[in-house]
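# What the coordinates show
The residues making up each chain are set out below.
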Protein chains: 2
Amino acid sequence: MGVTSTSGWIDELRRLLPDPRRVSTSHAVLENHSHDFSYHAPRLPSAVVFPETTEEVSAILRFANEHGIPVVPFGAGSSLEGHVVPVKGGISLDLTRMNEIVEVRPDDFVVRVQAGVPRSRLNQRLARDGLFFPVDPGADATIGGMIATNASGTSAVRYGAMRHQVLGLEVVLADGTIIRTGSLAVKSSAGYNLTGLFVGSEGTLGVITEATLRVYPLPEYVVAARATFPSVDAAARVAVGLIRAGVPVARVELVDDATVQAVNSYKGTNYPERPTLFLEFSGPEAAVRADVDFARDLAATEDGLGFEFESDEKARERLWEARHHAALAIAAASPGKKMMITDVCVPISHLPEAIRHARRTAEEHGIQAAIFGHVGDGNYHAVFMVDPDDPEDVARAERVNAAIVQHALARGGTCTGEHGVGMGKKKYLNDEHGQALAVMRAIKKTLDPRNVLNPGKIF
Amino acid sequence: MGVTSTSGWIDELRRLLPDPRRVSTSHAVLENHSHDFSYHAPRLPSAVVFPETTEEVSAILRFANEHGIPVVPFGAGSSLEGHVVPVKGGISLDLTRMNEIVEVRPDDFVVRVQAGVPRSRLNQRLARDGLFFPVDPGADATIGGMIATNASGTSAVRYGAMRHQVLGLEVVLADGTIIRTGSLAVKSSAGYNLTGLFVGSEGTLGVITEATLRVYPLPEYVVAARATFPSVDAAARVAVGLIRAGVPVARVELVDDATVQAVNSYKGTNYPERPTLFLEFSGPEAAVRADVDFARDLAATEDGLGFEFESDEKARERLWEARHHAALAIAAASPGKKMMITDVCVPISHLPEAIRHARRTAEEHGIQAAIFGHVGDGNYHAVFMVDPDDPEDVARAERVNAAIVQHALARGGTCTGEHGVGMGKKKYLNDEHGQALAVMRAIKKTLDPRNVLNPGKIF
Ligand SMILES: Cc1cc2nc3c(=O)[nH]c(=O)nc-3n(C[C@H](O)[C@H](O)[C@H](O)COP(=O)(O)OP(=O)(O)OC[C@H]3O[C@@H](n4cnc5c(N)ncnc54)[C@H](O)[C@@H]3O)c2cc1C
Ligand SMILES: Cc1cc2nc3c(=O)[nH]c(=O)nc-3n(C[C@H](O)[C@H](O)[C@H](O)COP(=O)(O)OP(=O)(O)OC[C@H]3O[C@@H](n4cnc5c(N)ncnc54)[C@H](O)[C@@H]3O)c2cc1C
C-alpha cells in the first residue's frame, strides 16, 4: 500500500504539524478513509492527516505539491461515486477537526463555518437563533463535502442547491496559497464567480477550509402531507401544478408504487401501493393553511386516492416514513451488498417518463430498485444493491445505470443532479459536455498544474 | 480613431460575413457603440460588427484572435461602469441581431434564447404561456448583457440574480471554439460550473450566443404596497421582519426621505417625505391576502406612518411611482450631466447604517443624490449627476463613491452587487479580493491568452 516506501515523506509531514499523531498510518484509520458508502472499490491512502487550522492545510498542500503527493480531501465520506477513494494513494486529508461554527449573524441570515462542521450540528446551533440551513442530503455530511459535491436534497425545490447557499469561501490552493472568495453580501457582480467554481469541484481545485452560508428563518408553521395517485404521471402533474400556481412548496418527493411495495414488505406496513407524493408546506400559519387547501383540491382533480396532512412534528415524521425508508428497504433485502445509485436530473416534464423507463429497464435486467425523486427539480434516484465481488452483478447494474443516464442525456438532462462525478460518472462527461470538458481540464491544469488534488476524479 | 490604419483588417472581416454591410464604420454607428449610460469617457471602436449566427461569431473571434484585435461584446449598452467602451479600439460586436426566442418549454419552466433578446420581448412572449422572467434591471437590457453582468434588480429578493436563472449557455471562446455549458435540468453536479463562471464575466472570457433560462409562472394575484416610516432603520426592520417570518415577498425596496423630497419637487407630488418601503406580494390569492395582513400589522409595530396597498395593475404602478422616478428626479435636476451610480451590497443588517453614511457623505461633499435600495438583499444605489468635462466635479463624486465602497468593504460587503466592474470598479477589486484576484487573472489568461476579449475591463 506504499506505506513503507513512503515512510520518508510521512516522517517529514509529521514534522510539519504540532502533534505528530495527527498524521496517522494506523490500519483502522487508513481503512476508514479508503471507501465511501457505495459499491466503488476501496483503496488505502498512505496516510491520513488531520489538520486543525487553515495554515496547517496550507503547509500540508505546499509540501504535497512540492513532492507530487496526491491529496484527497475527506469530510464525512458519505459521497456515492468513489469521490474520496485515494485511487493514486497519497494523503487523505480529513477535515473533521476543523469543525468550528465561526460566526452566526442572525440579523444578516448568514453563518461562517469551518469545512468540517456536520450539517446536523450546524442546524442545532442555528435553531438557538430561530434559523436553519436547508440543504439536506440523506447523510450527515460535512459542509465542506456538501459544497465540494454541490449537494442538495428534498428542500432544493424551495431553497436551491449548495450553489445557491454559498456566499463565500476560504480555499487553500494546490500550492498552499490561501484565498478568500465572495463576501458576506448576498449577491455580488465583482469579477469572476470563483465561489461558484469551487462549489462542485470535488476537491480537485482546492481545499475548502471555511464557508460563508445563507441561512433561513425557521418557519412559523409546517405541514407535512402524503397523497397517493393512480399513476406516476398524475402525481407529477400535481407537483408541477403546485409550482405553476406559485405555491412556495417546501418539499415535494415522489416515490413509485414498486418502492412503496418494498417498504411495506420491509417494515410490515400497509401503505397504499401507489405512486405517492410526500409534501411539505411551511411559512406563516395562514399562508400555509391556504397552500394546503389548494394542494388538496389540486390532488382531487387528478383522482387523488387520498390526501393526509399533519402539523405536529412527530406525526409529520410518521407521515413521511415511507419516503425515508425507501432506500433502506432495498438495502435490507440484500444484506452484504453495496449500493449503486443513479442521480440523473431531467427537464421536469420528462420526469414521469424517465421514472417509468428506469423501472422498466431495471425489471428487464431482473434488478430490484427503489425509485424516488425530487419531483420539483426533475431529479430522481434508482437505488440497486450490487455485490462488488461479482463482476456480472456489477456489470448488469452498470448497464441499467448507463441506460438511465443515456435516456436523461438524450432529453437534455444531466448524469448527476446532486451526487457529483467522482469515479462513477466520469465516463458520461464527454457525452454530456463535449468541448466544454476541455475548458474544465484547462481550468484544472491552471489551478493544480501538478495534479495533486484528488487525482483521478471528474476527469 | 484607428479606422484608417485598420482598414486592411476591416476589409478582410467584411469578407467573413455574407453581407459586408454587417461590418459598419459609419460614424453614427461607431458613436452609438462608444459609450454606455454613465459618466465614463467614450471611445469609438474601429468597426461595429453585427453577427447573425453563432458560426459567424466564431469566425469573427477566430479572425480577431489571430490578428490580436480587441472584441467588445455589445448588447443594449445599458451597463453603467464603462463595460462596453472599447478602450483599446477594435471591434464592437453587437449581438442584437441574434434575437431569436429559440424555444419556450412551459412544462419545464425553461426557455432558450439567443443573447440579443431584450428582456421586455422575452416577457411579452412568455406571457402567452402564463410565464415570466423575473430579473428586472431598470433598463431594457439584452439577456446576454444581463448574464455578462450578473444583473439583478427588485425581484432578486424572491428569485435571485441572473446567476440563479441561467441553466446553460452556448459560448464562443476567444479562439472561436463553440462550447455548450449546463443542460436543461434545473440542477447538476456534473463537473465544474462553467455556466456560473461565464455569468458575470463581462465579455472577458467568451461571447455568449445562447442561454437556457429558468422562467416562472405569472402569479395568480399581485398586491403592491407602500409604507412610510419614521426612520430608515424602522423601514429596514420591517423588510427584514417579513423575511424572518418566511413571507415570500416578491419585491421590497427602500427609498430614503431626501429622495422622496427630490421626487416631490420633480413631479409636483406630495408624498410624505419619509423613508418609504415599496412592497410587492404575489402568489395564490388567499396566501397573498394573508401576507399583506401580516405586513400591515408588522409595519404598525414600527410606528408605520401609513400603509397603502392595491391589487389593480394601474393602481399598483401609481403606488410605486415615487420609486420608479427616484433616479429620474435627480437626473432632471441636472440637465446635461451624466450619471454616476454606486452599487455596493452589504450584509443586510448594515444596510440602514450604510444608507445613512452615504447620505451624510454626499451632503458633506455638497452632492445631491438619490438613494434607494433593494433592502432585502442589502444592495442600494446612490445616484449623482456629474459633468464629465469638469474634472473637479468628477473627482468630488469619485471621492463620495470611494467612501461608500470602503464603508461597504469594511463591513464584509462588495463594491458591486449587480452592475459589475467594467472600468469604474477595477480599482476596488484588489481590496475586495486580495489573492483571489490572481486566480481570476489566471483563468482569464487560460481562456483568452491573447487578451482580445474586452481588454481593460475587470482587471
Ligand atoms: C444515505 C445517503 C443519502 C444521501 N442522500 C443525498 C441527497 O439526497 N442529496 C445529495 O446531494 N447527496 C446525498 N448523499 C450524498 C452525500 O451525502 C453527499 O455527496 C455529501 O455532500 C458529501 O459530504 P461529505 O462530508 O460526506 O464529503 P465526502 O464524501 O467526504 O467528500 C465528497 C467529495 O468532496 C471532497 N471534499 C470533502 N471535503 C472537502 C473540503 N473541505 N474541501 C474540498 N473538497 C472536499 C472530497 O474530496 C470528495 O471529492 C447521500 C449519501 C448517503 C450515504
Ligand atoms: C436606468 C437604468 C437602470 C438600471 N437598473 C439596474 C438594476 O436595477 N439592476 C441591474 O443589475 N442593472 C441595472 N442597470 C444596468 C444594466 O441594465 C445592466 O448592466 C445590463 O445587465 C446590461 O445589459 P446590456 O444588454 O445593456 O449589456 P451591455 O451594456 O451592452 O454590456 C454589458 C457587458 O456585458 C458584455 N456583454 C453583452 N452581451 C454579451 C454577450 N452576448 N456575451 C458576452 N458578453 C456580453 C459587454 O461586453 C459588457 O461588458 C440599469 C441601467 C440603467 C441605464
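In the block above lies the structure referred to throughout.
Below you will find a few notes about this structure.

Reading the values: rules and limits
Residues numbered from 1 in each chain as written. Chains lettered and ligands numbered in written order. Predicted model: local features only at pLDDT ≥ 70, side-chain atom pairs only at ≥ 80, totals over all residues. Heavy atoms only, no water. Phe/Tyr/Trp six-rings, centres within 6.5 Å; stacked < 30°, edge-to-face > 60°. Helix = DSSP H or I, 4+ residues; strand = E, 2+ residues; numbered from the N terminus. Buried < 20%, exposed > 50% of the residue type's maximum accessible area, 1.4 Å probe, protein only. Contact = heavy atoms within 4.5 Å. Pairing = 2+ DSSP bridges. Axes fitted to C-alpha atoms, helices over the stretch in contact; angles between N-to-C directions. Near = heavy atom within 4 Å. Polar contact = N/O pair within 3.5 Å; in protein donor to acceptor, adjacent residues only side chain to side chain. Areas by Shrake-Rupley, 256 points an atom, 1.4 Å probe, with all protein chains shown as cover. Nonpolar A, V, L, I, M, F, W, Y, C, P; charged D, E, K, R; others polar. Domains from an automatic or database assignment. Expected span 1.5 Å × (residues − 1). Salt bridge = Lys/Arg side-chain N within 4 Å of Asp/Glu carboxyl O. Arc of directions from axis to C-beta. Least-squares fit on C-alpha atoms with pLDDT ≥ 70 in both. Buried area = accessible area lost by both parts, 1.4 Å probe.

### Regarding the packing of aromatic side chains
Residue and element names in this part refer to chain A. The tally for this structure, following the rule as stated, stands at 10 aromatic pairs over all chains. Centroid distance Phe-132 to Tyr-159: 5.6 Å. Interplanar angle 90°. Geometry classified as edge-to-face. A residue pair is termed long-range when its members are at least 10 positions apart, and Phe-132 in strand 7 (residues 131–132) and Tyr-159 in helix 6 (residues 156–159) qualify at 27 residues. Of the two residues, Phe-132 and Tyr-159, both sit in the buried class. Ring centres of Phe-307 and Phe-309 lie 6.1 Å apart, and the angle between their planes is 55°; on these two criteria the pair is classed as tilted. For Phe-307, a relative accessible area of 17% puts it in the buried group. Overall, the relative accessible area of 37% leaves Phe-309 in the partly exposed class. Here a set of aromatic residues connected by ring pairs shows up, and it is made of Phe-132, Tyr-159 and Tyr-216.

### Brief notes about the side chain of Asn-264 of chain B
All names here are of chain B. Of note, Asn-264 is situated in helix 10 (residues 257–267). Classification of Asn-264 by relative accessible area gives buried; the value is 7%. Asn-264 has contacts with Thr-269, Asn-270, Tyr-271 and Glu-273, leaving out every residue within four places of it along the chain.

### Regarding the sheet that holds strand 3 (residues 71–74) of chain B
All names here are of chain B. The 4 strands are arranged 1-2-4-3 in an open sheet whose pairing can be described as mixed. With partners counted over all chains shown, the strands left at the sheet margins are strand 1 (23–24) and strand 3, one partner each. Of the strand pairs in this sheet, strand 1 and strand 2 (residues 47–49) are connected by 2 bridges, and their pairing is antiparallel. Bridged to Val-23 within strand 2 is Val-49. Contacting strand 2, strand 3 and strand 4 (91–94), helix 3 (residues 54–67) crosses the sheet at an angle of about 170° to strand 4.

### Focus: the site of ligand 1
All names here are of chain A. Taken together, 34 residues lie near ligand 1, and Pro-73, Gly-75, Ser-78, Ser-79 and Thr-142 sit nearest. Here an oxygen atom of ligand 1 sits 2.7 Å away from a polar atom, N or O, in the side chain of Thr-142. Contacts to ligand 1 include Ile-208, whose backbone N or O atom sits 2.9 Å from a nitrogen atom. Burial of ligand 1 by the protein amounts to 92% of the accessible area it has alone, namely 980 Å². Those elements that provide at least two residues to the shell around ligand 1 are strand 3 (71–74), helix 5 (143–149) and strand 10 (207–214). The element best represented in the shell around ligand 1 is helix 5, accounting for 5 residues. For the shell around ligand 1, a count of residues per class yields 16 nonpolar, 16 polar and 2 charged. Shared between two domains, the shell around ligand 1 takes at least three residues from each, and those domains are domain 1 (6–96) and domain 2 (101–217).

### Focus: helix 11 (residues 285–301) of chain A
Here helix 11 of chain A spans 25 Å end to end across 17 residues, near enough to the 24 Å set by a 1.5 Å rise per residue. Of all the residues in helix 11 of chain A, the buried ones are Ala-287, Val-288, Ala-290, Asp-291, Val-292, Ala-295, Leu-298 and Ala-299 of chain A. For helix 11 of chain A, the elements touching its buried residues are strand 12 (221–228), helix 9 (232–244), strand 14 (276–283) and strand 15 (306–310) of chain A together with helix 11 (285–301) of chain B.

### Notes on the environment of Thr-195 of chain A
Residues and elements named next belong to chain A. With respect to the secondary-structure elements, Thr-195 resides in helix 8 (residues 194–198). When the C-alpha positions of Thr-195 and Ala-331 are compared, they lie 36 Å apart, and in sequence the two are 136 residues distant. In this structure Thr-195 touches Val-166, Leu-167, Gly-168, Leu-169, Thr-181 and Gly-182, once residues within four positions along its chain are discounted.

### A short note on the pattern of salt bridges
Enumeration according to the criterion identifies 56 salt bridges over all chains in this entry. Linking Lys-187 of chain B and Glu-418 of chain A is a salt bridge whose minimum nitrogen-to-oxygen distance equals 2.9 Å. Taken together, the residues Lys-187 of chain B in the loop between strand 9 (178–182) and helix 8 (194–198) and Glu-418 of chain A in the loop between helix 15 (391–410) and helix 16 (429–433) connect one chain to another. Across this residue pair, the class does not change: Lys-187 of chain B and Glu-418 of chain A are buried. Where salt bridges share partners, they join Glu-103, Arg-105, Asp-108, Arg-112 and Glu-210 of chain A into one cluster.

### Looking at the sheet that holds strand 14 of chain A
Residues and elements named next belong to chain A. Overall, antiparallel pairing links the 7 strands, which are arranged 15-12-14-13-17-18-16 in an open sheet. With partners counted over all chains shown, the strands left at the sheet margins are strand 15 and strand 16 (338–341), one partner each. Geometrically, the sheet is characterised by an average inter-axis angle of 20° between neighbouring strands, direction not taken into account. In this sheet, strand 18 (residues 379–386) lies alongside strand 16 in antiparallel orientation, the contact comprising 4 bridges. By the bridge assignment, Ile-341 is partnered in strand 18 with Val-383. Of the strands in this sheet, strand 12, strand 14 and strand 15 touch helix 11, which is tilted by about 160° from strand 14.

### Quick notes on unusual backbone geometry
Residues and elements named next belong to chain B. Positive phi values are uncommon outside glycine, yet Glu-202 reaches one of about 55°. Among the secondary structure elements, Glu-202 is positioned in the loop between helix 8 and strand 10 (207–214). Among the residues examined, Glu-202 registers a relative accessible area of 4% and is labelled buried. Unlike most non-glycine residues, Asn-451 shows phi in positive territory, near 55°. Residue position: Asn-451 is located in the segment after helix 18 (436–447).

### Quick word on the site of ligand 2
Residues and elements named next belong to chain B. Surrounding ligand 2, one finds 34 residues, the nearest of these being Pro-73, Gly-75, Ser-78, Ser-79 and Thr-142. Between ligand 2 and Asn-454 there is a distance of 3.2 Å, counted from an oxygen atom to a side-chain nitrogen or oxygen. Isolated, ligand 2 exposes 980 Å² of accessible area, and the fraction of that covered by the protein chains is 92%. Mapped by element, the contributors of at least two residues to the shell around ligand 2 are strand 3, helix 5 (143–149) and strand 10. Residue classes in the shell around ligand 2 are distributed as 16 nonpolar, 16 polar and 2 charged.

### Here's the deal with helix 4 (residues 119–127) of chain B
Residue and element names in this part refer to chain B. Regarding helix 4, the residues found buried are Arg-119, Leu-122 and Leu-126. Buried residues in helix 4, looked at end-on, bunch into an arc of 55°, giving them a common side. Looking at the buried positions of helix 4, the neighbouring elements they touch are strand 5 (101–105), strand 6 (110–114), strand 7 (131–132), helix 5 and strand 10.

### Considerations on the relation of the copies chain A and chain B
It takes a turn of 180° to lay chain A on chain B, together with a shift of 0.0 Å along the axis; the resulting RMSD is 0.0 Å. Considering both components of the superposition, the chain copies are consistent with a two-fold axis. The C-alpha atom lying nearest the rotation axis in chain A is that of Ala-287 of chain A; the distance is 2.2 Å. Interface overlap between copies is the fraction of interface residues in one copy that are interface residues in the other; for chain A against chain B it reaches 100%, indicating a shared surface.

### As for the interface of chain A and chain B
Across the boundary between the two partners, chain A contributes 86 residues, which contact 86 residues of chain B. Three residues, Lys-187, Tyr-192 and Arg-244 of chain A, lead the burial of chain A against chain B; their summed loss comes to 15% of the area buried on that side. Applying the counting rule to chain A against chain B returns 4 salt bridges. Across the chain A-chain B interface, the total number found is 33 residue pairs in polar contact (both at pLDDT 80 or more). Secondary structure elements with two or more residues in the side of chain A that touches chain B: helix 7 (162–165), strand 9 (178–182), helix 8, helix 9, helix 11, helix 16 and helix 17 (436–447) of chain A. Ranked by residue count, the leading element in the side of chain A that touches chain B is helix 17 of chain A, at 8 residues.

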